[in-house]
Amino acid sequence: FLFADTQIVTEAFVEDINNILNSGEVPNLFANDEWERIVRDVRPHCHDAGVPETKESIKQFFIARVRENLHIVLAMSPVGSAFRVRCRMFPS
């Protein structure tokens, strides 16, 4: 995933990238019905991996898989004050 500073429409984009880099997830990214679908689709993979098939453990398994497989390239120009301000606001 490549994200350049020219693609920043609102600072919320940078906050989401900061959350992904810091914790591996974006809070409230999925609605409850989307989580239900994810849990249903990931359940067979959990079974194969020997993970307990509770809703919470399936969610954690999914998040761990995303953390392992998602790669982010954040490209920002060091020219101007925007880079300095964003580094202070979003240190991850």
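Here, the structure is the one placed above.
Nothing here was measured: the structure is a model prediction, and the numbers come from that model. (Residues numbered from 1 in each chain as written. Predicted model: local features only at pLDDT ≥ 70, side-chain atom pairs only at ≥ 80, totals over all residues. Heavy atoms only, no water.)

*Asks:* What should I look at first to understand the packing of aromatic side chains in this one?
*Replies:* Given two aromatic rings, one states the distance between the centres and the angle between the planes to describe the pair. This structure, assessed with the given rule, holds four aromatic pairs. Arranged with centres 6.5 Å apart and planes meeting at 80 degrees, the rings of F3 and F13 form a pair that is edge-to-face. With F3 in strand β1 (residues 2-4) and F13 in helix α1 (residues 11-23), the pair connects residues that are ten residues apart, well separated along the chain. Exposure remark for F13: the relative accessible area of 35% places this residue in the partly exposed category. Here the aromatic rings of W35 and F62 are separated by 5.9 Å at their centres, their planes lie at 85 degrees, and the arrangement is edge-to-face. (Phe/Tyr/Trp six-rings, centres within 6.5 Å; stacked < 30°, edge-to-face > 60°. Helix = DSSP H or I, 4+ residues; strand = E, 2+ residues; numbered from the N terminus. Buried < 20%, exposed > 50% of the residue type's maximum accessible area, 1.4 Å probe, protein only.)

*Asks:* Explanation requested: the side chain of K59 in the structure shown.
*Replies:* Checked against the element boundaries, K59 lands in helix α3 (residues 55-69). Salt bridges are absent for the buried K59, whose nearest opposite-charge side chain, E56, sits at 4.9 Å. Once residues within four sequence positions are removed from consideration, K59 is found in contact with W35 and V39. (Lys, Arg positive; Asp, Glu negative; His and termini not counted. Salt bridge = Lys/Arg side-chain N within 4 Å of Asp/Glu carboxyl O. Contact = heavy atoms within 4.5 Å.)

*Asks:* Quick question: what am I supposed to make of the packing of helix α2 (residues 32-49) against α3 here?
*Replies:* When two helices pack together, you describe them by how their axes are tilted relative to each other and by the distance separating the axes. As a packed pair, α2 and α3 sit with axes 9 Å apart at the nearest point and diverge in direction by 85 degrees. In terms of orientation, α2 and α3 fall into the roughly perpendicular class. Residues W35, E36, I38, V39, V42, R43, H45, C46 and A49 of α2 lie in contact with α3, whose contacting residues are K55, I58, K59, F61, F62, I63 and R65. By residue class, the composition of the contact of α2 with α3 is ten nonpolar, one polar and five charged. (Axes fitted to C-alpha atoms, helices over the stretch in contact; angles between N-to-C directions. Parallel < 35°, antiparallel > 145°, perpendicular 65-115°, else oblique. Nonpolar A, V, L, I, M, F, W, Y, C, P; charged D, E, K, R; others polar.)

All we've got here are geometric facts, nothing functional implied.
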